[in-house]
Amino acid sequence: MFTDQLAAFWTERHLCVLSTVRADGTVHATPVGATLDVDAGLVRVICSGTSYKARTIRRLGEAAVAVTQVDGRRWSTLEGRAVVTADPSRVHLAERLYAKRYKEPRINPERVVIEITITKALGNAS
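Definitions and cut-offs
Residues numbered from 1 in each chain as written. Predicted model: local features only at pLDDT ≥ 70, side-chain atom pairs only at ≥ 80, totals over all residues. Heavy atoms only, no water. Helix = DSSP H or I, 4+ residues; strand = E, 2+ residues; numbered from the N terminus. Rg over C-alpha atoms; globule rule 2.2 N^0.38 Å. Buried < 20%, exposed > 50% of the residue type's maximum accessible area, 1.4 Å probe, protein only. Contact = heavy atoms within 4.5 Å. Areas by Shrake-Rupley, 256 points an atom, 1.4 Å probe, with all protein chains shown as cover. Lys, Arg positive; Asp, Glu negative; His and termini not counted. Charge placed at Lys NZ, Arg CZ, Asp CG, Glu CD. Salt bridge = Lys/Arg side-chain N within 4 Å of Asp/Glu carboxyl O. Polar contact = N/O pair within 3.5 Å; in protein donor to acceptor, adjacent residues only side chain to side chain. Expected span 1.5 Å × (residues − 1). Arc of directions from axis to C-beta. Pairing = 2+ DSSP bridges.

A. Structural detail: the overall build of the chain. Along its length, the chain carries three helices and seven strands. The N-to-C order of helical and strand elements in the chain reads α-β-β-β-β-α-β-β-α-β. In terms of C-alpha radius of gyration, the chain reaches 14 Å, essentially the compact-globule figure of 14 Å for 126 residues. By its C-alpha atoms, the chain is 35 × 35 × 25 Å across when sized along the principal axes. The burial tally for the chain puts 47% of its 126 residues in the buried class. Within the chain, residue pairs in contact and separated by at least 24 positions form 69% of the contacts whose partners lie at least 6 positions apart. Surface summary for the chain: the accessible area is close to 6900 Å², and the carbon and sulfur share equals 52%. Across the chain, the mean location of the 18 positive side-chain charges is 5 Å away from that of the 13 negative side-chain charges.

B. Spatial organisation of the pattern of salt bridges. Taken as a whole, this structure holds six salt bridges when the rule is applied. Between E12 and R74 there is a salt bridge, with its nearest N and O atoms 2.6 Å apart. A residue pair is termed long-range when its members are at least 10 positions apart, and E12 in the loop between α1 (4-9) and β1 (16-21) and R74 in strand β6 (residues 74-85) qualify at 62 residues. Overall, E12 belongs to the partly exposed group, its relative accessible area being 28%. Here the salt bridges share partners, and the residues they tie into one network are E12, D71 and R74.

C. Geometry of the environment of S89. By secondary structure assignment, the location of S89 is in helix α3 (residues 88-101). On the basis of relative accessible area, S89 is assigned to the exposed category, the value being 52%. Measuring from C-alpha to C-alpha, the distance between S89 and T119 comes to 24 Å, with 30 residues separating the pair along the chain. Of the polar contacts made by the side chain of S89, one reaches the side chain of D87; its length is 2.5 Å.

D. Just α3, in detail. The end-to-end C-alpha distance of α3, which contains 14 residues, comes to 20 Å, matching closely the 20 Å that a straight helix rising 1.5 Å per residue would cover. Within α3, the full set of buried residues consists of V91, A94, E95, Y98 and R101. Along the axis of α3, the buried positions cluster into a sector of 130°, meaning they face one direction only. For α3, the exposed residues lying more than 90 degrees away from the buried face are P88, S89 and K100.

E. Examining helix α2 (residues 52-60) more closely. Of all the residues in α2, the buried ones are K53, A54, T56 and I57. One side of α2 holds all its buried residues, which, seen down the axis, span an arc of 165°. Where the residues of α2 are buried, they touch β1, β2 (27-32), β4 (42-48), β5 (63-71), β6 and β7 (111-124). One or two residues past the end of α2 sits G61, with phi positive at roughly 85°.

F. Region of the structure containing the pairing of β4. Among the seven residues of β4, seven are classified as buried, and the element is accordingly described as predominantly covered. Strand direction decides the pairing type here: strand β3 (residues 34-37) and β4, joined by four bridges, are antiparallel. Each residue of the ladder has a partner; that of T35, found in β4, is R44. Connecting β3 to the next strand, β4, in antiparallel fashion are four residues, including G41 with a positive phi near 70°. Bridge analysis of β4 against β7 gives seven bridges, and the strand direction is antiparallel. Pairing of R44 across the sheet is with E115, part of β7.

Here is the structure:
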């Protein structure tokens, strides 16, 4: 699903946008830090459990989402099915991956991780 160039693009430090769908059918897009785990086929986004994106996904149990990053002419969108978990081991893993790509995240006792099982990868990372 991923070329070497596309996978490498997701290791560079870029702000991403997570798009979810509200109950009324409109799109909610918000800036996030996201990490790609090629081997697991997952994108992870850490956030507060009280955030709108986490509440939206949790309300559905599983939700269709898209994560996009852009750098000039290079871009990539990863689509998939998202779930929210507060499992400490999964949150800790997501925090470590976030720290590797971005920086050490601030302390947040309400932190959860949105795990997106990738179903489609689009982009031009060359």
